[in-house]
Amino acid sequence: MRYINRCEVWVPHLLTETGLMNRVSTCDLLLQRHERDPFLKRLVTGDETWILYQNVHRKRTWSKDNRPSTVAKPRLHPRKILLSIWWDWKGVV
């Protein structure tokens, strides 16, 4: 079949002549559509990522001179928050 497995998706090794012509004609149609009605300026896209944070609250400790004070271990499961951002052709929405 001449297919290879990449990231659990089957991808052909070579693009056939008909596939190449389909891509060229589709791109040409999209460019013609954009000249009639600029739809690319109406597109909004976004991205998201998880940000890990940890609020460390230290307690006052007493230690003798020339000895470092002990610090508790951080939590095993750090806290996280989802950061999302959306933008269009002008900038951040």
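Each value, and the rule that gives it
Residues numbered from 1 in each chain as written. Predicted model: local features only at pLDDT ≥ 70, side-chain atom pairs only at ≥ 80, totals over all residues. Heavy atoms only, no water. Helix = DSSP H or I, 4+ residues; strand = E, 2+ residues; numbered from the N terminus. Buried < 20%, exposed > 50% of the residue type's maximum accessible area, 1.4 Å probe, protein only. Polar contact = N/O pair within 3.5 Å; in protein donor to acceptor, adjacent residues only side chain to side chain. Patch = residues over 30% accessible without salt bridge, like charges linked within 9 Å, V, L, I, M, F, W, Y side chains within 5 Å. Areas by Shrake-Rupley, 256 points an atom, 1.4 Å probe, with all protein chains shown as cover. Salt bridge = Lys/Arg side-chain N within 4 Å of Asp/Glu carboxyl O. Contact = heavy atoms within 4.5 Å. Phe/Tyr/Trp six-rings, centres within 6.5 Å; stacked < 30°, edge-to-face > 60°. Lys NZ or Arg CZ within 6 Å of the ring centre and 35° of its normal. pLDDT = per-residue confidence, 0-100.

**Observations concerning the environment of Asp37**
Moving on, step 1. Looking at the secondary structure, you find Asp37 in the loop between helix 1 (17–36) and strand 3 (45–53).
Moving on, step 2. Take Asp37: its relative accessible area is 37%, and that puts it in the partly exposed class.
Moving on, step 3. One polar contact links Asp37 to Arg42, side chain to side chain, over a distance of 3.3 Å.

**Some thoughts on a nonpolar patch on the surface**
Moving on, step 1. A contiguous nonpolar patch, built from Ile51, Tyr53, Ile81 and Leu83 and spanning about 350 Å² of accessible area, is present on the exposed surface.
Moving on, step 2. Elements with a minimum of two residues in the nonpolar patch: strand 3 and strand 4 (79–87).
Moving on, step 3. Tracing the backbone shows Ile81 in strand 4.
Moving on, step 4. Ile81 sits in the partly exposed class, given a relative accessible area of 48%.

**With respect to the environment of Asp47**
Moving on, step 1. Structurally, the position occupied by Asp47 is in strand 3.
Moving on, step 2. Relative accessible area serves as the criterion here: at 48%, Asp47 is assigned to the partly exposed category.
Moving on, step 3. In sequence terms Asp47 and Leu83 are 36 residues apart; their C-alpha atoms lie 8.4 Å from each other.
Moving on, step 4. Not counting the four nearest positions on each side in its chain, Asp47 is found in contact with Leu83, Ser84, Ile85 and Trp87.

**Remarks on the pattern of salt bridges**
Moving on, step 1. Using the criterion set out here, one finds one salt bridge in the structure.
Moving on, step 2. A salt bridge links Asp37 to Arg42, with the shortest nitrogen-to-oxygen separation between them at 3.3 Å.
Moving on, step 3. Since its relative accessible area comes to 53%, Arg42 is described here as exposed.

**Here we look at the packing of aromatic side chains**
Moving on, step 1. Under the defined criterion, the tally for this structure stands at zero aromatic pairs.
Moving on, step 2. Directly above the ring of Phe39 sits Arg33, whose terminal nitrogen or CZ lies 4.4 Å from the centroid.
Moving on, step 3. The aromatic ring of Trp50 is capped on one face by Lys80, whose charged end is 4.9 Å from the ring centroid.

**Focus: the confidence of the model for the protein chain**
Moving on, step 1. Predicted confidence across the protein chain gives a mean pLDDT of 79, with 59% of residues reaching 70 or more.
Moving on, step 2. Per-element confidence in the protein chain is highest for helix 1, whose mean pLDDT is 93, and lowest for strand 1 (residues 3–6), whose mean pLDDT is 58.

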